[in-house]
Amino acid sequence: MAASSTGMGGAGGIGGDVFNNGTWYHEVLEEGLAISYRVEKVLHRGTSKFQTVEVVKTKAFGSLLLTDGLMQSAQDDEYVYHQSLVHPAMAAHPCPKKVFIAGGGEGATLREVLKHPSVEEAMMVDIDGEVVEMCKEHTAFYSAGAYDDPRTKLIIGDAYAGLEACADGSIDVIIGDLCDPLEGGPCYQLYTTGFYEMCKAKLAPGGILITQSGCASTRDCHHVFTAIHHTLKQVFPQVWGYTVCVPSFTSEWGFNIATKEADAISVADGLHADGGLDKRLAERGLGELSYYDAITHTRMFSLNRIVRDKCRDETRVMTVENPLFMTASHTGVFEAEKK
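Residues numbered from 1 in each chain as written. Predicted model: local features only at pLDDT ≥ 70, side-chain atom pairs only at ≥ 80, totals over all residues. Heavy atoms only, no water.

K.L.:
An account of empty space enclosed by the protein is needed here, citing residue identities and associated values.
P.N.:
Going through the model one piece at a time under the given rule, you end up with two cavities of 30 Å³ or more. Computed from the structure, the largest cavity encloses a volume of approximately 70 Å³. Every residue lining the largest cavity is counted, 14 residues in all, and those nearest its centre are A92, V267, L271, L277 and H297. With three residues, the top contributor of residues to the lining of the largest cavity is helix α1 (residues 78–92). Grouping the amino acids of the lining of the largest cavity by side-chain chemistry returns nine nonpolar, four polar and one charged. Taken as a whole, the second largest cavity spans an internal volume of roughly 30 Å³. For the second largest cavity, the full set of lining residues is A102, I174, I175, G176, L190, F195, Y196, L209, I210 and T211. For the lining of the second largest cavity, the elements supplying multiple residues, two or more each, are β9 (171–177), α6 (193–202) and β10 (203–215). Along the lines of polarity and charge, the residues of the lining of the second largest cavity split into eight nonpolar, two polar and no charged. (1 Å grid on protein atoms, 1.4 Å probe; cavity = no way out; pocket = protein on both sides within 12 Å on 5 of 7 lines; lining within 4 Å. Points joined across faces, edges and corners; volume = space filled by probe spheres on them. Helix = DSSP H or I, 4+ residues; strand = E, 2+ residues; numbered from the N terminus. Nonpolar A, V, L, I, M, F, W, Y, C, P; charged D, E, K, R; others polar.)

This is the structure:
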């Protein structure tokens, strides 16, 4: 490629005029790096007791859900994130009947859980009822009727307290669909050994825990993904990290999954013999999921060497007394419309 002598340099540089028209939302990922979305319409803007909440329509990714100025999910590819969060854990369990969801205000995680016919109760506990109601009204594609399912038990409150109220050994799958651990945010304690120890106690025999774990590419997995992985290993006998590309997140995204028993089937590859994973999905009427299947599963659990090494070498343990927060440089900014 030939070198160019002209740089961006500001609004007058190459490509700079793209921002001269319309309203733009800029999300600063780190110092010197940002992603920008042209906003076609603001569908909702408000402030709950806990955070600012916005829904904006963009050309690139459809509707975006923003909380405290940070993009949480996008209409065009939310299915990638939510199928990747839910189905590896649910498929690994032979018969998940009771599921606990920490967070998940959009309702999409609940939607995916309820696709498994064995589920008798899906308890979702989210601290921000205004976000839940806003998503019902403005982004109904997330929940797709899941809140009206009789198996749904929606509780507006603290997820820690909600799980604490459950009987020990009563839950088959616990899913952490939480905001990233941010300083001053409501969720950071739900990434600590104390919370994970309670999760282990609440899980029934054969139980599985899965939590979203932040960005997980070669250059940013050290922010929280590897630390969450190492923290879980202090509590659970088997832990696997996996990643998936969510285009609107502009990073490989990470998840960590753990089993209560040391002799539980390997979530990474235990169902692969004789096409076992695809057979199990088909038996549950999930053979035609738009994203997740056995081949996709293999890709998700095939961590690259750099991420594997960083998981191996991680020493940080997240506790209530010594939490770990995502970088404070991650912020969102709206740019006023220009004529």
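K.L.:
Before we move on, could you go through the environment of H223 and cite the residues and values that matter?
P.N.:
By the secondary structure assignment, H223 is in the loop between β10 and α7 (225–233). As a C-alpha pair, H223 and E314 span 91 residues in sequence and 11 Å in three-dimensional space.

K.L.:
Can you explain the sheet that holds strand β11 (residues 238–246)? Please cite residues and give values.
P.N.:
Two orientations exist for strands paired in a sheet by backbone hydrogen bonds: parallel and antiparallel. Strand order in the open sheet made by the seven strands is β8-β7-β6-β9-β10-β12-β11, with mixed pairing throughout. The outermost strands of the open sheet, each flanked by one partner alone, are β8 (152–156) and β11. On average, adjacent strands in this sheet sit at an angle of 15 degrees to one another, irrespective of strand direction. Examined bridge by bridge, strand β6 (residues 98–103) and β9 share five bridges and lie parallel to one another. Bridge pairing in β9 places V99 opposite V173. Taken strand by strand, helix α3 (residues 129–138) contacts β7 (121–126) and β8, and its axis lies near 130 degrees from that of β8. Strand contacts of α6: β9 and β10, with the helix running at about 150 degrees to β10, the strand carrying the most contacts. (Pairing = 2+ DSSP bridges. Axes fitted to C-alpha atoms, helices over the stretch in contact; angles between N-to-C directions. Contact = heavy atoms within 4.5 Å.)

K.L.:
Tell me about the side chain of T109, and please be specific about residues and values.
P.N.:
Looking at the element boundaries, T109 is found in helix α2 (residues 108–113). T109 sits in the buried class, given a relative accessible area of 0%. A distance of 2.7 Å separates the side chain of T109 from the side chain of D177, its partner in a polar contact. (Buried < 20%, exposed > 50% of the residue type's maximum accessible area, 1.4 Å probe, protein only. Polar contact = N/O pair within 3.5 Å; in protein donor to acceptor, adjacent residues only side chain to side chain.)

K.L.:
If you had to explain the pairing of strand β12 (residues 251–259) to someone new, which residues and values would you point to?
P.N.:
Within β12, nine of the nine residues are buried, leaving the element largely enclosed by the surrounding structure. In terms of strand pairing, β10 meets β12 through six bridges, oriented antiparallel. Within β12, the position partnered with Q212 by the bridge is F255. The hairpin turn running from β11 into β12, its antiparallel successor, is four residues long, and T250 in that turn takes a positive phi close to 55 degrees.

K.L.:
Describe in detail the pairing of β9, supporting the description with residues and values.
P.N.:
Counted residue by residue, β9 has seven buried out of seven residues, so it is predominantly covered. In this sheet, β10 lies alongside β9 in parallel orientation, the contact comprising five bridges. What sits directly across from I174, in β10, is L209.

K.L.:
Provide a residue-level description of the packing of aromatic side chains, including the pertinent values.
P.N.:
Note on aromatic pairs: each is described by the distance of the centres and the angle between the planes. Considering all chains together, one arrives at eleven aromatic pairs under this definition. Look at Y242 and F301: their rings are 4.5 Å apart centre to centre, the planes differ by 25 degrees, and that puts the pair in the stacked class. One end of the pair, Y242, is in strand β11; the other, F301, is in the loop between α9 (294–300) and α10 (305–313), and 59 residues separate them in sequence. On the accessibility criterion, Y242 (0% relative accessible area) is buried. On the basis of relative accessible area, F301 is assigned to the buried category, the value being 14%. Taken together, Y81, Y242, F249, W253, F255 and F301 form an aromatic cluster joined through their ring pairs. (Phe/Tyr/Trp six-rings, centres within 6.5 Å; stacked < 30°, edge-to-face > 60°.)

K.L.:
Report on the nonpolar core, specifying residues and quantitative values.
P.N.:
Considering soluble globular proteins, one finds that nonpolar side chains tend to be buried as a cluster. Counting residues in each nonpolar core, the largest one holds 84 residues, and the members touching the most others are F100, V113, Y196, F236 and I257. No other element matches α1, which puts eight residues into this core. The residues contacting Y196, other than those within four sequence positions of it, are L190, Y191, L209, T211, I228, T231, L232, V235 and F236. Listed in part, the eight residues of the second largest apolar core include V55, L65, V131 and M134. (Core = buried A, V, L, I, M, F, W, Y, C linked by side-chain atoms within 4.5 Å.)

K.L.:
Got a sec to walk through the environment of D177? Specific residues and values, please.
P.N.:
The topology assignment puts D177 in strand β9. The exposure class assigned to D177 is buried, which follows from its relative accessible area of 8%. The sequence separation of D177 and M124 amounts to 53 residues, and the corresponding C-alpha distance is 9.9 Å. If we ignore the near neighbours within four places in the chain, the residues touching D177 are Y81, H82, L85, A102, G103, G104, E106 and T109. For D177, the side chain forms a polar contact with the side chain of Y81, separated by 2.7 Å.

So yeah, pure geometry; function would need other evidence.
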